[in-house]
Amino acid sequence: RSHLHLVAINAFAFAYGLLIGTFGLVTLPTESERLWPAKHAMLLAIFLAICGVSQLSGPVAGYFSDRCVHKTGRRRPFLFWGGATGIPSLFALQWASTNNNLPMYICFFFVAMLALNIMYVAYSGALTDLVNDNQRGVANGLMGAFTVLGAAVGFGCFSRFLDVQSGYTFYICIVAAALTVSFLSFTETPLDPSSIRPWTWREIWKCYYVSPTDHRDFYLVFVSRTLYYMGISVQTFMFFFFRDVIRSTEPQADVSYLALCGQLTGAIVCIPMGMLSDRVGRKVLVYLSSIVIVAAYVMFMFCRSLPMALLAGAIYGVGNGTYLSVDYALACDTLPSKEEAARYLGIWGVAAFIGTLLGPMLVGPTLLLFGDKGEVDEHGTPMYDIDGYVAIMSIGCVCMFLGSVVVAPIREGRQTMI
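All values reported here derive from a predicted model rather than from experimental measurement.

K.L.:
I'd like a rundown of the overall build of the chain, residues and numbers included.
P.N.:
Scanning the chain from terminus to terminus reveals 16 helices and two strands. For the chain, whose C-alpha radius of gyration is 20 Å, the value lies close to the compact-globule estimate of 22 Å for 418 residues. Principal-axis analysis of the C-alpha atoms gives the chain an extent of 70 × 45 × 40 Å. Counting the 418 residues in the chain, one finds 62% classified as buried. Considering only residue pairs separated by 6 or more positions, the chain has 83% of its internal contacts joining residues 24 or more positions apart. Split by element, the accessible area of the chain, about 16400 Å² in all, is 69% carbon and sulfur. When the 26 basic and 26 acidic side-chain charges of the chain are each reduced to a single mean position, those positions are 8 Å apart.

K.L.:
How would you sum up the packing of helix 7 (residues 136-160) against helix 14 (residues 306-333)? Please name residues and give values.
P.N.:
Two elements in contact, helix 7 and helix 14, have axes separated by 8 Å at closest approach and are oriented at 135 degrees. With respect to their mutual orientation, helix 7 and helix 14 come out oblique. The interaxial crossing formed by helix 7 with helix 14 has right-handed handedness. Across the interface between the two elements, Arg136, Asn140, Gly141, Met143, Gly144 and Val148 from helix 7 touch Asn320, Leu324, Ser325, Val326, Asp327, Tyr328, Ala329, Cys332 and Asp333 from helix 14. Among the residues forming the contact of helix 7 with helix 14, the class breakdown is seven nonpolar, five polar and three charged.

K.L.:
How would you sum up the packing of aromatic side chains? Please name residues and give values.
P.N.:
A full pass over the atoms with the stated rule returns 25 aromatic pairs. Aromatic pair Phe12 and Tyr16: ring centres 6.2 Å apart, planes at 40 degrees, arrangement tilted. Here Phe12 and its partner Tyr16 are both found in helix 2 (residues 11-35), four residues apart, which amounts to about one turn of the helix. Taking relative accessible area as the criterion, Tyr16 reaches 12% and is therefore assigned buried. When the ring of Tyr63 is compared with that of Phe64, the centres are 5.1 Å apart and the planes differ by 80 degrees; the resulting orientation is edge-to-face. Overall, the relative accessible area of 29% leaves Phe64 in the partly exposed class. By the ring-pair criterion, three or more aromatic residues cluster together here, those being Phe23, Phe47, Tyr105, Phe109, Phe158, Tyr168 and Tyr171. One Lys or Arg, Arg76, reaches over the ring of Phe183 and ends 5.1 Å from the middle of that ring. Above the plane of the ring of Tyr344 lies Arg343, whose end atom (NZ or CZ) is 4.6 Å from the centre.

K.L.:
Describe the pattern of salt bridges, and please don't skip the residues or the numbers.
P.N.:
Across all of its chains, the model carries 15 salt bridges by this definition. When the shortest N-O distance is used, the salt bridge between Asp66 and Arg74 registers 4.0 Å. Residue Asp66 is classed as buried on the basis of its relative accessible area of 6%.

K.L.:
So, the side chain of Ser248: which residues are in play, and what are the values?
P.N.:
With respect to the element layout, Ser248 can be found in the loop between helix 11 (238-244) and helix 12 (251-280). Looking at Ser248, its side chain comes within polar contact range of the main-chain nitrogen of Glu250, at 3.1 Å. In terms of polar contacts, Ser248 uses its side chain to reach the side chain of Asp254, at 2.4 Å. Discounting chain neighbours no more than four positions away, the residues touching Ser248 are Phe242, Arg243 and Asp254.

K.L.:
Can you explain the nonpolar core? Please cite residues and give values.
P.N.:
Phe23, Tyr105, Phe109, Phe241, Tyr297, Phe300 and Tyr389 are the most contacted members of the largest nonpolar core, which has 131 residues in total. The contact partners of Tyr105, leaving out residues within four places of it in the chain, are Phe23, Thr27, Leu28, Glu31, Leu35, Phe47, Leu93, Ala96, Ser97 and Tyr168.

K.L.:
Can you explain the side chain of Asp66? Please cite residues and give values.
P.N.:
Along the chain, Asp66 turns up in helix 4 (residues 57-66). Engagement of the side chain of Asp66 in a polar contact is seen with the backbone nitrogen of Arg343, the distance being 2.9 Å. When sequence neighbours within four positions are dropped, the list of residues in contact with Asp66 reads Arg74, Arg75, Leu191, Glu339, Glu340, Ala341, Ala342 and Arg343.

K.L.:
I'd love a proper account of the environment of Pro88, names of residues and values included.
P.N.:
Note that Pro88 resides in helix 5 (residues 76-98). Looking at Pro88, the relative accessible area reads 44%, which means it is partly exposed. Distance from Pro88 to Val111, taken between C-alpha atoms, is 9.7 Å for residues 23 residues apart in sequence.

K.L.:
Residues and numbers for unusual backbone geometry, please.
P.N.:
The residue Asn100 is not glycine, and still its phi comes out positive at about 55 degrees. Turning to its location among the elements, Asn100 is positioned in the loop between helix 5 and helix 6 (102-130). We note that Arg247 has phi near 60 degrees; this positive angle belongs to a residue other than glycine. Along the polypeptide, Arg247 turns up in the loop between helix 11 and helix 12. A relative accessible area of 47% means that Arg247 is categorised as partly exposed.

The rules we used
Residues numbered from 1 in each chain as written. Predicted model: local features only at pLDDT ≥ 70, side-chain atom pairs only at ≥ 80, totals over all residues. Heavy atoms only, no water. Helix = DSSP H or I, 4+ residues; strand = E, 2+ residues; numbered from the N terminus. Rg over C-alpha atoms; globule rule 2.2 N^0.38 Å. Buried < 20%, exposed > 50% of the residue type's maximum accessible area, 1.4 Å probe, protein only. Contact = heavy atoms within 4.5 Å. Areas by Shrake-Rupley, 256 points an atom, 1.4 Å probe, with all protein chains shown as cover. Lys, Arg positive; Asp, Glu negative; His and termini not counted. Charge placed at Lys NZ, Arg CZ, Asp CG, Glu CD. Axes fitted to C-alpha atoms, helices over the stretch in contact; angles between N-to-C directions. Parallel < 35°, antiparallel > 145°, perpendicular 65-115°, else oblique. Left-handed = near helix turned anticlockwise from the far one by under 90°. Nonpolar A, V, L, I, M, F, W, Y, C, P; charged D, E, K, R; others polar. Phe/Tyr/Trp six-rings, centres within 6.5 Å; stacked < 30°, edge-to-face > 60°. Lys NZ or Arg CZ within 6 Å of the ring centre and 35° of its normal. Salt bridge = Lys/Arg side-chain N within 4 Å of Asp/Glu carboxyl O. Polar contact = N/O pair within 3.5 Å; in protein donor to acceptor, adjacent residues only side chain to side chain. Core = buried A, V, L, I, M, F, W, Y, C linked by side-chain atoms within 4.5 Å.

Given below as structure tokens:
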């Protein structure tokens, strides 16, 4: 594939990174504080749990995508219908936000995340189908770079001229444009219908299981990714960290600057690290990313000023970009079956669900337990003490360390696809 074709295939990663990044650090914290001021931290944890639950759709969507015999290919129909569901859901979110309707906001948020994850499964499956093994590192580097670049653009726009309400319109435009580019770049060959066996409920059930013995390496990648997402869930509470510890007068803008610093440094390292992983292996870069992210979390524990927090964010971005540069490639290297790539990558995506679910369930109550000292701001909104943030940063450090330890037994080198 030409580099231009690889860029076009990865266009969806830009939209995905923009939505996931800014939703988690800007939109959801702001909406949580506005829609349920008294329990905004708990509402944010609920939103993150919903985001994680929606990823359970991945394995089933991948299973049916692998078997799709549509004349446009296996992946395009799922990308199209995901967009046809997700874009109207974003319009509905904007309406629910404007009308302060929390139940409807939660409902449409779930639908939007469900659609986004189905689109992501189709995209990741297409990337596996269309990219040769010798371009895997470059393709993963582009995937990671576009993901963090999309988030960087999103944070830059929110820090300069977007507010949460106008942000929904921005989301819709970006998703529509990126979907169109990726859809047109998927040069697929339709499956022969006679080669596909009828689906069974037993196979649907098996979509959620990976043998820790028969497919040990892929299983370890799954566990490591779960721990990674548990570790980075700490970042979602940075809005409150800036408000309570840095004492920012504009926490939304400052969190956007923080994320922008992190995403830019991440975008810079993604492609070089992806290319490097083709030479030195994936595990080395997983170890490196864990060390860097732990260092950034330790820095945050001692941050009391905006410049120091931005520096810690930039360091975090290097670690995050390094991980993203090998995350997908490591999963592809250990796939049990290339013919069922979307199904297994859907399972790989469930690791993010489990991490996104368990992380906030652990971090949110920890922040309340150690940080709630009864302090409130001038509006009566609860504020959290530094002890709470030190506790949740410590949780992040432990998760990152364990995630790097888990990948150690994985055999280096690309695994043979059956």
